[in-house]
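# Coordinate analysis (summary)
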Amino acid sequence: MKTKTINFSKYSSFKIGGSLHVEVLESLEDFEHAFPDWITEESDKPVLVGSCNNVLIGTKPPPLYILSKNFDYIKIKDDVLKIGAATPSGKIASFCKKNNIANFEFISHLPGTLGGLVYMNAGLKEFEIFNHLISISTCRGELKKDEIEFGYRFTNINSSILEATFELTYGFDEEKVAMFKKMRSNQPSTPSAGSCFKNPKGDYAGRLIEEVGLKGVKQGDMCFSQEHANFLVNNGNGTFDDAIFLIKEAQKRVYEKFDIYLECEIDILDIRYIGKDSELIKP
């Protein structure tokens, strides 16, 4: 298995994290070696990362792995669309436009790789990656869509995704592209990991953060954006500790004022927090 060094302060969309050694997975055999069944504690498990667009890398990260280019592909086969888990969203969008394929117009506005998008059921409002999913191939075998629990920014997938198969429908829609671009127009361009928290049912995380007085509030170089309060942004030299402070503060204030717990949408990759999202605050 190959190893590469990644500087996460440059690689991740948050621009936070040091230079770390990351194992490169090139085959199913590599997965069997990297993810043995005997590891049961969440904080001890190695983590497969993609392009790190919704990830906050901690100062005590778990062992990290990344897929090789062997998993970066798009194929039309037997009237379905098969996409490798390491395929960037921009490449998928370009392929669908070039080949007049419908239902993926929104994906160019969702940075990341296919595996991460499927794992969190990424989307824009009602347009979600699971809408036209047929099945996924994982390092533990194939799963049909109806075998997976999924919802708003959630799935119960617990093994690494290698490939996803989608319905193939023709008719790329430029009007949808324009609509999705407009939907994203209020989001900051400053480095961030996208939405910090999931929207609670019937409300919006950004509104709640603004209501508790945290919009624009800074800790070091990190702050909740003035453009969109649910975007935790890095204004230059933000650190993991600064980001965690603001995440905890938002959860604490919103819980105290509204009795609502804000669940992180970003993944915090630090052994002190993995699998312990609900323990970031203790009301």
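Here we summarise the structure given alongside this text.

Each value, and the rule that gives it
Residues numbered from 1 in each chain as written. Predicted model: local features only at pLDDT ≥ 70, side-chain atom pairs only at ≥ 80, totals over all residues. Heavy atoms only, no water. Pairing = 2+ DSSP bridges. Helix = DSSP H or I, 4+ residues; strand = E, 2+ residues; numbered from the N terminus. Salt bridge = Lys/Arg side-chain N within 4 Å of Asp/Glu carboxyl O. Buried < 20%, exposed > 50% of the residue type's maximum accessible area, 1.4 Å probe, protein only. Expected span 1.5 Å × (residues − 1). Contact = heavy atoms within 4.5 Å.

Moving on, we get to the sheet that holds strand β15 (residues 192-195). Overall, antiparallel pairing links the 4 strands, which are arranged β15-β18-β17-β16 in an open sheet. Either end of the sheet is taken by a strand with one partner, and the two such strands are β15 and β16 (218-219). One ladder, built from 2 bridges, connects β15 with strand β18 (residues 231-234); its direction is antiparallel. Within the sheet, the bridge partner assigned to Ser-195 lies in β18 and is Phe-231.

Per the stated rule, a full pass over the model turns up 13 salt bridges. Close ionic contact of Lys-144 with Glu-142 constitutes a salt bridge, the shortest N to O distance being 3.6 Å. Judged by relative accessible area, which is 48%, Glu-142 ranks as partly exposed. For Arg-272, the salt bridge goes to Asp-270, with nearest N and O atoms at 2.8 Å.

The next subject is unusual backbone geometry. Unlike most non-glycine residues, Arg-153 shows phi in positive territory, near 50°. Residue class for Arg-153 comes out buried when judged on its relative accessible area of 9%. Of note, Asp-259 is a non-glycine position whose phi angle comes to about 60°, a positive value. For Asp-259, the location among the structural elements is in the loop between α7 (240-258) and β19 (267-269).

Compared with the 27 Å implied by 1.5 Å per residue over 19 residues, the 27 Å span of α7 between its first and last C-alpha is a close match. Along α7, the residues classified as buried are Phe-240, Asp-242, Ala-243, Ile-244, Leu-246, Ile-247, Glu-249, Ala-250, Gln-251 and Val-254. Tucked into the core, α7 has its buried residues touching β4 (55-57), α6 (205-211), β16, β17 (222-224), β18 and β19. Looking one or two residues beyond α7, the residue adopting positive phi is Asp-259, at roughly 60°.

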